[in-house]
Structures are given as C-alpha cells and as structure tokens.
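These are the residues of each chain, in order.
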Amino acid sequence: MDLLLLEKSLIAVFAAVVLATVISKLRGKKLNLPPGPIPIPIFGNWLQVGDDLNHRNLVDYAKKFGDLFLLRMGQRNLVVVSSPNLTKEVLHTQGVEFGSRTRNVVFDIFTGKGQDMVFTVYGEHWRKMRRIMTVPFFTNKVVQRNREGWEFEAASVVEDVKKNLDSATKGIVLRKRLQLMMYNNMFRIMFDRRFESEDDPLFLRLKALNGERSRLAQSFEYNYGDFIPILRPFLRGYLKICQDVKDRRLSLFKKYFVEERKQIASSKATGSEGLKCAIDHILDAQQKGEINEDNVLYIVENINVAAIETTLWSIEWGVAELVNHPEIQTKLRNEIDTVLGPGVQVTEPELHKLPYLQAVIKETLRLRMAIPLLVPHMNLNVAKLAGYDIPAESKILVNAWWLANNPNSWKKPEEFRPERFFEEEAHVEANGNDFRYVPFGVGRRSCPGIILALPILGITIGRLVQNFELLPPPGHDVVMDLLLVEKSLIAVFVAVVLATVVSKLRGKKLKLPPSPIPIPIFGNWLQVGDDLNHRKLVDYAKKFGDLFLFKMGQRNIVVVSSPDLTKEVLHTQGVEFGSRHRNMVYDIFTGKGQDMVFTVYGEHWRKMRRIMTVPFFTNKVVQQNHEGWEFEAASVVEDVKKNPDAATKGIVVRKRLQLMVYNNMFGIMFGKRFESEDDPLFLRLKFLNGERGRLTQSFEYNYGDFIPILRPFLRGYLKICQDVKDRRFALFKKYFVDDRKQVATPKPTGVGGLKCAIDHILEAQNKGEINEDNVLYIVENINVAAIETTLTSMEWGIAELVNHPDIQSKLRNEIDTVLGLGVQVTEPELHRLPYLQAVIKETIRRRMAVPLLVPHMNLKDAKLAGYDIPEESRILINAWWLANNPDSWNSPEEFRPERFLEEEAHVEANGNDFRYVPFGAGRRSCPGIILALPILGITIGRLVQNFELLPPPGQSKIDTSEKRGQFSLQILNQSTIVMKPRAF
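Conventions we followed
Residues numbered from 1 in each chain as written. Predicted model: local features only at pLDDT ≥ 70, side-chain atom pairs only at ≥ 80, totals over all residues. Heavy atoms only, no water. Phe/Tyr/Trp six-rings, centres within 6.5 Å; stacked < 30°, edge-to-face > 60°. Lys NZ or Arg CZ within 6 Å of the ring centre and 35° of its normal. Helix = DSSP H or I, 4+ residues; strand = E, 2+ residues; numbered from the N terminus. Buried < 20%, exposed > 50% of the residue type's maximum accessible area, 1.4 Å probe, protein only. Contact = heavy atoms within 4.5 Å. Polar contact = N/O pair within 3.5 Å; in protein donor to acceptor, adjacent residues only side chain to side chain. Expected span 1.5 Å × (residues − 1). Disulfide = S-S within 2.5 Å. Lys, Arg positive; Asp, Glu negative; His and termini not counted. Salt bridge = Lys/Arg side-chain N within 4 Å of Asp/Glu carboxyl O. Axes fitted to C-alpha atoms, helices over the stretch in contact; angles between N-to-C directions. Pairing = 2+ DSSP bridges. Core = buried A, V, L, I, M, F, W, Y, C linked by side-chain atoms within 4.5 Å. Left-handed = near helix turned anticlockwise from the far one by under 90°. Nonpolar A, V, L, I, M, F, W, Y, C, P; charged D, E, K, R; others polar.

Under the annotation held in an unreviewed UniProt entry, the protein chain carries the name Trans-cinnamate 4-monooxygenase and is attributed to Brassica carinata.

In structure tokens:
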C-alpha cells in the first residue's frame, strides 16, 4: 500500500483565498444581495451563527434582518425565506427558477449525485422520475389498495401494546413498535412485504443502516468541509464511512427486496394486471429502458428516507401532544366513539367523518413540523427575489415552521389548539392552499407523500386514542420539553485569544520536544490533519526525531518512536506516565474513568485490575475455557464446510469468526453463547458495539476535543454517544448481568460455586468493593478491548497466509507432522508448534491491531529525554514503527515468520524486548495477551490444517489495504477467501 501524504500549509492557503476573494470582488459584477450579518473572510458568517441553523434560531435572524436574508457560510450562500408572500414566490411563481435541490458532498454519495428523485436538480430527469413514481406510490388508487394493510398494522400495534404488562403501569417506549408499523406500511406498498417482529434480523439490519444514513446525512459534523472547500481533505474518513453505509444499504435493498421481487414477478404475467406492488411498476419502467438499475435502487432509497421516519416523527409528536393535553385527547376520543360507535375501529374510509381527528393532525403538523425548513431548494442561475439578487446555486431555506407559528399570522400559535382549524383557520389544508401553512411544501417540488401520510396518521392516532388512555409515566406531568440554545461564538473566540495571551505572559517557560511551528488557536492541527496514523507519524519522526510534540488546538500530543524512550515511558517512569488519556467521547463511554482500561493510574485502577485478574487473566482461566474455544473453532470449520460457496467463489469468513470470538468471550464472562449469526440478541449486541467503536474511533469529533470553544457544535454527536452507551448498558444489564444473577442465586456463594467471570465480579460487588456501574464498565471493557482486536489479528493472519502460500504450506506441514494428519490443534499442543507461534508473532508485528497502543498520559509535568512534557499530555507510542523500523529489524517490510526462529528467537509478545510491544509493557500493559495468543493459535491452526486458503477466482492475492481509526488498524475491505476442505 502507498501512503497518501498531504502537506498542508494553511497560512499560505488562507492568504491565497483572501487574495482570490479580493480579485473576485474587483472583477465580478456587483450584486444587490439580501441583508444579513457582516461576513468575515474565509468563514463568512459561520463562526457567528454556528452550525445549528434550526427553525427557531432563524426566526431570531429574521426579526433582525427581515423576511429575506442571506447567510454566507464559508463559500456557501444560504438564503432564508420567512414570509408567506416570498414563500409563494419561491415555491409557486418562480417554481422553475428555484425548483432545483441543493446537495453537498455527503448527499452526493447517498443520491449518486442526483440519480434519485428527491435530491435531483429540476429538469428532464426529475420529471421522468416523478412520473414513474407517481402511479405506484402517490395516487388515491394506492391508498385504496393498501389501506386495509395499514389498518391491520395499526391493529397489530394495539394488540401488542395490550399484551405488554408494562404499558398500563410503568409505561413503554411506543416509538419502537410504531417504527415497525411504519416500515411494514411502506414495505407493503413497495414490495408487498412485512416484518413479523422488532427482532426480525433483516428488519434490524435495515433499520440500523437507515439510521446510520440519516445520522451521517443530518449531522453538523461535516459542515466545515462543505462550507470551506480547502478543509475538505479532512472529510476523507467521514466520506468513506458514508460510502460504506451507502454501498451496504443499496446492496441490502437489491439482494433482499428488488431481486426477490424480480423472481416473483418473472413467474407472473408481465402486463399491468400482474403488477401488485410499487416495485413492479418501477421494474417495468426499467425493462422499458426509461431508467436503469441504479435509479431503481435510489427510488427505494428515497422511500426509506422520505416516507418512513418523517411520518413516524409526526405520529410521535401527535401522541406526545395528546398526552400533554388530556382534555384534547378526551374530546377526540368522544368524537370517535360518537361518530363510529364505541369499539368500532377507525378506518381510512371513515376519516372524513372525523373532523376533530383531522384537526389534531393538522395542529400537530403546524406546531411540530417534521421538516420545519422543508427540503432545501436551489436556483441553478442567478435569480431575483423581492428586488434582491440571489447568487447562482444558493441554498434556499423556507422557514415553514415560522410561517405556521408567527403570532402576526396566527392566534396564539404557541398553544396546541386543534379548534383553530374549525374556527378562524377552517379553510386551511395541509396541501398548501394557504402559504402560511405548507408542511409538505407546495408546487412542483412539494412532497407527494402527503397522500399516504395523512391517512396513516389518521388511522394510527385514531386507533391509539380510541383503544387507550394515553398518560405520562408515573411522577411526570408532561412527556416533552424543548431545549433552546443560544450561541455567541465571536465573543468566545475573543475570550480564548485573550486567555491564551494571558497564559503565555504568566506561564512558566518549558523546554518542549521539537515540533512543527504551531499557529494560534489551531496549533499544528491544520498542518497535520486528523489522521495521526502510525505510518504518518513515522514521517514526522524522521523529520523531528524519536520524541516530538504536536499542539493540536489546546491538546498536547507527544509521540515516542524509539525502544529506549518506550522503555522510559512504559517501565522506568511507568508511574509518571501510567494514566490514560480520555476525551469527552470516552468520558461518556467509560463514565469518566469508572472502568479499568481508561481510568487514571491510582487506587481505582489497582482495585479494578485486581478484581478482573482472577476471573479473566490467569492460566487457570485458559485451562477452564480452552475446550470451549476449541469447540467454537471446530464449529467454524463445520459451518464453512457446509457452505458450498466456500470452496468455489469464496466467503467473507470474518463474519463467522466474529461470532466465534463473541462466543469465546461471552463464554468466559457469562457462560453463554450465541447459536448463529442471525441470533437477534447477537445482532443487537454486535450493532451497538460497532456503533460504539465507530463513534469513538472517528476523527469527526476531534475539532471539539482540540478546540474547546467548538465543543457546543458536538452536542448532537455527544447525544448520539450517550444514547448508544445507555442502550449498550441496558442490554448488558438485562440480558447478561441480571440473567446471570438469577442463575447464580440458588448456587453456593463460596469460590467453589463460581462458574464464570461475572460471578467473581458480582461477588466483589456484593462485598462492597465495586458498584453496579463498575460491573457494567468491566463488561464494556471486555466487549471493546478483547473481541474486535483479537478478531482483527485473526483476519490479518489469514490474509497474510493467503498471500504467502509457501508460508501457509510450511505451517500446515508442521501441524500435520507434529500432531498427525487430521489431529486437531488444541491449546495444550500449541507449545509444540513453534512455526505456528512464529506466524502469530509475525502477524502481530507486521499488522499490529492497536499500532499506537492505548494512549498514556502524565497527570503532572514530567521529564523525558531532557524535555519537559506538560501535564495531561497524550503520549502515543508508535509500537508499529518500533517493530517495523529497518534500523532495528532485517527486511521488516517482509512477512517472514522465520525471523522469530532465527535472529529474533528470543523476542516474545509480552514486551521482553522494547522493539516489540504489541500488548504494551509494564503496569498498563494489556492483560488480555494470556487469552489472545491461545485463541489465535487454535483458530489459525485449525483453519490452516482443515482448508487450503486461497484468493477468490481471478485474483492472485487479496487486498490488504489498511483502514485506520483513532487507535485501530483493520483491513480496509473484508476479505473474500476461497476455503477448500482438505481430505484426511
């Protein structure tokens, strides 16, 4: 793999941009722009107004600058419209001029640069897509054909809620069940398909991927690269994640829905009479050559994004408002009982008889508009609006929420009062007949889904109200409040600069390690970027030496790149540098250090290490569990042999190995295992652990960590982290810890009665040594530190053996010779297989799973190599470079296990040589080495002795490009491997 080196010199670039801006101003024609805040060079108004341009914030700017104003966000123009007359001009009168959609670097990925309908520009493609989608999705015929299905789904929700004992007492999170209902409503229309339960594995995968798509697309975290193009290189990691999610979603749509429907349709009549669901119409258009396969998938993408969650949000808001307004709820229930009769269920044909129900829905959409700024519009060319020039490709935001909540246009708009739609607003409909109320937009680019959304809302809310009394949970008066946040970042910037100057004047002079010259506020961040990976740090070590410092905003990062300095940090000054660095994301996932791995060095760490050692990290644990590990490896072998693709096209064996490693670790922890990759609990656990890994290892939150004044922009990101943490811990507690407590209760409490690790941990809790939170953080540590790292090493080891068939053959010969043909590798025999051990050592050397180790930290000022290390510096040890430096190793770029039988025969993975510390060394070394090495030996040994491991057909090798995170080193593309069984 070649390393892409981007040398950034932002000071020079900033000057160039300023110069280009001045030249542009001098040469360009003068535009009469709408009013707005005074922009500053490069950033425009971004630093003044921040990322969160929500509907309420924009109201404040409208009050200051008028109903039409412009915000310059870096290089982007945002035009905000806040009056009914201007809305009519944009959406109706000049509907063609403003009829395109704005996209950005993220939406370009998810829409294939506008191959869909919702986000394409106005023109021939949009007209074609709209025409093709109208008949199967957006007509009264569709409503009549599907309404009974919607009524069935609503009835199923009612039945499931009635069966849940908590619903009538403690209360339930109704959204989860309603989400399943909405997916079933839309997938009935699209594919004539439904999901049986919330635990359906395909539903879980689909929901997770759709959630990821929404989170990535709606995040503020990528704005800086969208607003300021020169910062776009920092987005590479984020955009790769987006591309991966997009690829996985479209692959899932195609495999499980589109292709399946094609097979069904192929056996039926091809005329229109044979068409039963929307995708049949869409595929018919593809067969006629009107659209291609990508367009088909982007239509499915649009429905997943635009129809499901928005309707669900409106249902959720409607239910919340009815809970908070019991008198309105009672009035609605009385209407239904009176008009239909007690117990007669609401159906779509009866909705027109229920005007108060319709008014409740209208009022919900008015006060709690699901898309308060509508989907942004764009003008392809320079346009005129209210006498002002609107620059080409401006993003036009219509503040539809303010149009419907402006006290100059509505009576007491802050009140939830459905009666208004019988009284002063009786003429107003949701279809945009009054430009004060356009929840679905209006004109050419209005949302056609209104024809589906309104009846689904009516059926669902109607049935919930007529079947249940909806109340807040015990001890609460209401269920929702809205948090409003005001930002004033200019003043904060001034304060920080002032504080920096004062600090420099008052602070003591330190002799710091060499480093690039920092710039104010940003330090070296703009020069070196986010991705401080092991290979990049090697280049800086060659320039600045084996010890150097980066000033990343307000953070000090010290990088160590020699064995002697590594020994000093990990061993000689192991106490001084023995703490762990955390940031606000890790503070969430570790409870500010209530775990063992990320806590500071001190009494709490010593206690947690002691409590965890006996149940996890001793030879006794290995002896108790090795037969289980061998059973799991044997199960992998059997499952691979049963898969006909394994020996021909090849399979992604990582998926099956992941289940194996989970079973290994959960066997140790809880005496539990998962039966298959489709186990719903395993899928939930794997997804939440993956989310945790993705959120912590992302570079996207660095700006808030490095520059504290930017931290308010991270609120959304941190809320996601807190939500994932809460859901993981609830799952750990309910399905594993509490479950084990029930198993352990009737057994003896002495040591003899303990069967798995959590029993020891719970005994420590019962003795008062730790609390329940500590127990859950121990489970957190094992899920994070033991599973994926071991799995990553397995994957790298297999990849290297596929790409080095001579080494694979040599290893297989050793196993056959030492153990006998067909005699399976077991843990007690590993010491008799030195070449197998050398292969594992070489894998860990060349492809170190955690190449910079877990960062260390010094709590107080320290000394290292004659330099001052400021307190709370983040210490990165480039362990990968220690083990791959050609000055210390013979031909380190080669995968050559023989080195550990020859010139490096004395070197072990336990840190006996500071050139090779894959598990660290000293006090904070990874105790999991005692589990990882035998599991790697058993697994790799059994795969090699049972299969010939080959690249897929047509390839001579598999791709071993690296995917790097904050701490990890994984294979970029999961490897497809041909596994031909051996005959014994």
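### Regarding the packing of aromatic side chains
Under the criterion given, the structure shown has 48 aromatic pairs. Here a set of aromatic residues connected by ring pairs shows up, and it is made of Tyr183, Phe187, Phe191, Phe195, Phe203 and Phe257. Positioned over the ring face of Tyr867 is Lys511, at 5.2 Å from the centre of the ring. For Arg606, the ring lying beneath its charged end belongs to Tyr601, and the centroid distance is 5.5 Å.

### A short note on unusual backbone geometry
The backbone of Ile42 shows a phi angle near 70 degrees, a positive value even though the residue is not glycine. Phi at Asp192 is positive, roughly 55 degrees, even though this residue is not glycine.

### With respect to the environment of Glu425
Looking at the element boundaries, Glu425 is found in the loop between α16 (400–403) and α17 (450–467). On the basis of relative accessible area, Glu425 is assigned to the buried category, the value being 5%. Glu425 sits 14 residues away from Lys411 along the chain, and the two C-alpha atoms are 9.7 Å apart. When near neighbours in sequence (up to four residues on either side) are disregarded, Glu425 contacts Ser409, Trp410, Arg420 and Arg436. Separated by 2.5 Å, the side chains of Glu425 and Arg436 make a polar contact.

### Re the environment of Glu260
Residue position: Glu260 is located in helix α11 (residues 236–266). With a relative accessible area of 32%, Glu260 lands in the partly exposed category. As for Glu260 and Phe191, which are separated by 69 residues in sequence, their C-alpha atoms are 9.1 Å apart. When neighbours within four sequence positions are excluded, Glu260 is seen to be in contact with Arg193 and Lys255.

### Quick word on helix α30 (residues 772–803)
End to end, α30 covers 47 Å across 32 residues, agreeing with the expected 46 Å (1.5 Å per residue, within 8%). Counting buried positions along α30 yields 26 of 32 residues, so the element is predominantly enclosed.

### Looking at the state of the cysteines
A full pass over the atoms with the stated rule returns zero disulfides. Cys242 takes part in no disulfide bond, and the closest cysteine sulfur, belonging to Cys721, lies 16 Å away. For Cys242, a relative accessible area of 0% puts it in the buried group.

### Notes on the side chain of Glu827
If you trace the backbone, Glu827 turns up in the loop between α31 (805–819) and α32 (834–846). An unpaired buried charge is present at Glu827: no salt bridge exists, and Arg942, the closest side chain of opposite charge, is 11 Å distant. With sequence-adjacent residues up to four places away left out, Glu827 is seen in contact with Val622, Gln623, His626, Glu630, Pro934 and Ile938.

### Considerations on the packing of helix α14 (residues 326–340) against helix α15 (residues 355–367)
Helix-helix packing: each pair is described by the crossing angle between the helix axes and the interaxial distance. The contact between α14 and α15 brings their axes to 8 Å, and the two run at 145 degrees. Only Pro355, Tyr356, Leu357 and Val360 of α15 make contact with α14, whose side of the interface consists of Ile328, Lys331, Leu332 and Glu335.

### As for the environment of Gly911
Structurally, the position occupied by Gly911 is in the loop between α33 (879–882) and α34 (929–946). Residue classification places Gly911 among the buried residues on the basis of a relative accessible area of 11%. Along the backbone, Gly911 and Ser925 are 14 residues apart, and their C-alpha atoms lie at a distance of 8.8 Å. Filtering out sequence-adjacent residues up to four positions away, Gly911 remains in contact with Tyr916, Val917, Gly920 and Ala921.

### Quick word on the sheet that holds strand β2 (residues 76–81)
What the five strands build is an open sheet, ordered β1-β2-β7-β4-β3; its pairing is mixed. Either end of the sheet is taken by a strand with one partner, and the two such strands are β1 (68–73) and β3 (100–101). Looking at chain direction, β1 and β2 are connected through six bridges and run antiparallel. Its bridge partner lying in β2, Phe69 is registered against Val80. Relative to the sheet, helix α3 (residues 55–65) contacts β1, β2 and β7 (395–398), its axis offset from that of β1 by approximately 120 degrees.

### Focus: the nonpolar core
Counting 304 residues, the largest nonpolar core has Phe137 and Phe616 as its most contacted members. A per-element tally of this core places α30 first, with 15 residues. What Phe137 contacts, discounting residues up to four positions off in sequence, is Val142, Ile189, Met190, Ala278, Ile282, Ile299, Ile303, Ile451 and Leu452.

### Section: the side chain of Asn702
Along the chain, Asn702 falls in helix α27 (residues 702–706). Asn702 gets classed as buried once you look at its relative accessible area, which sits at 2%. In terms of polar contacts, Asn702 uses its side chain to reach the side chain of Asp530, at 3.0 Å.

### Topic: the sheet that holds strand β10 (residues 579–580)
Pairing is mixed across the open sheet formed by five strands, whose spatial order is β8-β9-β14-β11-β10. With partners counted over all chains shown, the strands left at the sheet margins are β8 (547–552) and β10, one partner each. Of the pairings in the sheet, the one linking strand β9 (residues 555–560) to strand β14 (residues 874–877) comprises four bridges and is parallel in character. Paired with Val558 across the strands is Ile875, a residue of β14. Along the sheet, helix α20 (residues 534–544) makes contact with β8, β9 and β14, crossing β8 at roughly 115 degrees.

### Remarks on the packing of helix α25 (residues 654–670) against α30
Contact geometry for α25 and α30: axes closest at 10 Å, N-to-C directions at 145 degrees. As for the relative orientation of α25 and α30, their crossing is right-handed in sense. Of the residues in α30, those in contact with Arg654, Leu657, Gln658, Met660, Val661, Tyr662, Met665, Phe666, Met669 and Phe670 of α25 are Val779, Ile782, Asn783, Ala786, Ile787, Glu788, Thr790, Leu791, Met794, Glu795 and Ile798. In terms of residue class, the contact of α25 with α30 is built from 15 nonpolar, three polar and three charged.

### Some thoughts on the pattern of salt bridges
Using the criterion set out here, one finds 70 salt bridges in the structure. Note that Glu316 is salt-bridged to Arg175, the shortest N-O span being 3.0 Å. Linking Glu316 in helix α13 (residues 293–324) with Arg175 in helix α8 (residues 174–191), this pair joins segments that are 141 residues apart in sequence. Arg654 is the salt-bridge partner of Glu788, the closest N and O atoms lying 2.9 Å from each other. Of this pair, Glu788 sits in helix α30 while Arg654 sits in helix α25, and the two are 134 residues apart along the sequence.

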